[in-house]
Amino acid sequence: MQTVEVKAPAKINLTLDVLGKREDGYHDLRMVMQSVDLCDTLTLADGGGAGVRVSSNVGFLPCDERNLAAAAALAFWRALDIPAQPLDITLKKIIPVCAGLGGGSSDAAAVLRGMNLRHNAGLSLTELAKIGERVGSDVPYCVLGSTALAEGRGEVLRELPTLPKCWAVLCKPDFSVSTPALFGKIDSVRLRCHPDTEGMLRALEQGDLPGVTRRLYNVFEDALPERCADKVNQVKNVLIDCGALGAVMSGTGSAVYGLFDNEQAAQQAKAELLKLYPETFLAQTV
Ligand code: C5P
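Draft legend 1. Region of interest: the environment of Lys236. One can find Lys236 in helix H8 (residues 226-241). The buried category is assigned to Lys236, whose relative accessible area is 17%. Along the backbone, Lys236 and Gly102 are 134 residues apart, and their C-alpha atoms lie at a distance of 20 Å. Setting aside chain neighbours within four positions, we find Lys236 in contact with Glu221, Ala247, Val248 and Val256. A polar side-chain atom of Lys236 sits 2.5 Å from a polar atom in the side chain of Glu221.

Given below as structure tokens:
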């Protein structure tokens, strides 16, 4: 079967709101998502051993179905009633891990797109997104990419007008957050406020970049332990001092990003943040 190479772009949350806890243990969310051109690359090839094996340039990632890339391949076969086959997935990881940038979910989404090609299955993106629901809450959005409103568990999607092209400087401070733990904590903290999601949707409709950047907001910043919140604020301050139009944490963190309408200022911010944290990147919105 043909070997395919697929790209997996990172995502950032322009807004992230938690509406409440559900009976199934998940939370109802309302978030505006955006993809950026910071990408992992995956190659899907006939396997040399049994089952699905994932190899990557990051030593600590699991090689079996605990890796979302492998889970996606298995979910694809299950959905199409195709018996599992030996498959080797080679993952070149660029997106920081455990950063709130959707790296694992985007890898899974890329595998679904790649499997669709390998098997000539001809599934639509909507059908692939449906399969992705079983792999992880952010996977359906990652199948679609671009600018979208995600609701429910994250799987109820509405395409939005694309964000006017701009630069994003992304920086992961030197701590990681457990997503389930932060979701657990959000139930017990008093949220200071919520994002102006309606205003964000209007700003996108009008192609109003300053209107978008004024409304960047993530409720999870309120649930961070103080020491972590200090680091997030430190990164935000550097971004704003360098000319970012706005800056906020993405997902459940710990990556923080700033949006710039000026590439030179973005380069400067990247250089300043690299002095603090090595996992700093410059990307463009896509
Ligand atoms: O769906 P996924 O496996 O990516 O979710 C990881 C964890 O994040 C869940 O186990 C849950 O603790 C939390 N989560 C949640 N509500 C969501 C999405 C994720 O509580 N809508």
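Draft legend 2. Local environment of helix H2 (residues 103-118). The first and last C-alpha atoms of H2 sit 22 Å apart over 16 residues, in line with the 22 Å expected at 1.5 Å per residue. Most of H2 sits out of view: 13 of its 16 residues are buried. Phi turns positive one or two residues past the end of H2, at Asn120, with a value near 50°.

Draft legend 3. How the structure looks around the sheet that holds strand E11 (residues 280-284). The 4 strands are arranged E9-E10-E7-E11 in an open sheet whose pairing can be described as antiparallel. Strands with a single pairing partner mark the edges of an open sheet, and in this sheet they are strand E9 (246-249) and E11. Neighbouring strand axes in the sheet, compared pairwise and without regard to direction, differ in orientation by 20° on average. Alignment of strand E7 (residues 167-171) against E11, held across 5 bridges, turns out to be antiparallel. By the bridge assignment for E11, Ala168 is matched with Ala283. Relative to the sheet, H8 contacts E7, E9 and strand E10 (256-260), its axis offset from that of E10 by approximately 15°.

Draft legend 4. Geometry of the pairing of E10. The element E10 is extensively covered by neighbouring structure, given that 5 of its 5 residues are classed as buried. Residues Val256, Gly258 and Phe260 of E10 are buried on one face, and the alternating residues Tyr257 and Leu259, pointing to the opposite face, are buried as well. Judged from the 5 bridges that link them, E7 and E10 form a sheet pairing that is antiparallel. Pairing of Val169 across the sheet is with Gly258, part of E10. Alignment of E9 against E10, held across 4 bridges, turns out to be antiparallel. Each bridged residue has a counterpart across the sheet, and for Ala247 the counterpart in E10 is Gly258. Connecting the antiparallel pair E9 and E10 is a turn made up of 6 residues, with Gly251 showing a positive phi of about 55°.

Draft legend 5. Representation of the environment of Ile12 within the structure. The residue Ile12 is located in strand E1 (residues 4-21) in this model. When the C-alpha atoms of Ile12 and Ala255 are compared, they prove to be 9.2 Å apart, with 243 residues separating the residues in sequence. When neighbours within four sequence positions are excluded, Ile12 is seen to be in contact with Val32, Met33, Gln34, Val36, Leu101, Leu170, Ser250, Tyr257 and Leu259.

Draft legend 6. Looking closely at the site of the ligand. For the ligand, the full set of nearby residues is Gly25, Tyr26, His27, Leu29, Gly136, Ser137, Arg153, Thr179, Pro180 and Phe183. Interatomic distance of 2.7 Å between a side-chain N/O atom of His27 and an oxygen atom of the ligand. Within the side chain of Ser137, a nitrogen or oxygen atom sits 2.5 Å from an oxygen atom of the ligand. When isolated, the ligand has an accessible area of 450 Å², and the protein chains bury 72% of it. For the shell around the ligand, the elements supplying multiple residues, two or more each, are strand E2 (27-46) and helix H5 (179-186). With 3 residues, the top contributor of residues to the shell around the ligand is H5.

Draft legend 7. Expanded view of the packing of aromatic side chains. Per the stated rule, a full pass over the model turns up 1 aromatic pair. Look at Phe183 and Phe220: their rings are 5.0 Å apart centre to centre, the planes differ by 80°, and that puts the pair in the edge-to-face class. Here Phe183 is found in helix H5, whereas its partner Phe220 is found in the loop between strand E8 (217-218) and H8, with 37 residues between them in sequence. Across this residue pair, the class does not change: Phe183 and Phe220 are buried. Sitting over the face of the ring of Tyr26, Arg153 holds its NZ or CZ atom 4.7 Å from the ring centroid.

Draft legend 8. Summary view of the domain arrangement of the chain. Per the domain assignment, the segments of the chain are domain 1 (4-159) and domain 2 (167-284). Here domain 1 and domain 2 have C-alpha centroids that lie 23 Å from each other. If you look at the interface, domain 1 gives 26 residues, while domain 2 gives 34 residues. Each partner contributes to the roughly 2400 Å² buried at the junction of domain 1 and domain 2, and carbon and sulfur atoms together form 66% of this total. Taken together, domain 1 and domain 2 are joined by 1 salt bridge. Salt-bridge contacts for Glu198 lead to Arg30; the nearest nitrogen and oxygen are separated by 2.9 Å. The tally of links between domain 1 and domain 2 comes to 14 residue pairs in polar contact (both at pLDDT 80 or more). Counting residues per element, the ones that place at least two in the side of domain 1 that touches domain 2 are E1, E2 and strand E5 (147-152).

Parameters at a glance
Residues numbered from 1 in each chain as written. Predicted model: local features only at pLDDT ≥ 70, side-chain atom pairs only at ≥ 80, totals over all residues. Heavy atoms only, no water. Helix = DSSP H or I, 4+ residues; strand = E, 2+ residues; numbered from the N terminus. Buried < 20%, exposed > 50% of the residue type's maximum accessible area, 1.4 Å probe, protein only. Contact = heavy atoms within 4.5 Å. Polar contact = N/O pair within 3.5 Å; in protein donor to acceptor, adjacent residues only side chain to side chain. Expected span 1.5 Å × (residues − 1). Pairing = 2+ DSSP bridges. Axes fitted to C-alpha atoms, helices over the stretch in contact; angles between N-to-C directions. Near = heavy atom within 4 Å. Areas by Shrake-Rupley, 256 points an atom, 1.4 Å probe, with all protein chains shown as cover. Phe/Tyr/Trp six-rings, centres within 6.5 Å; stacked < 30°, edge-to-face > 60°. Lys NZ or Arg CZ within 6 Å of the ring centre and 35° of its normal. Domains from an automatic or database assignment. Buried area = accessible area lost by both parts, 1.4 Å probe. Salt bridge = Lys/Arg side-chain N within 4 Å of Asp/Glu carboxyl O.

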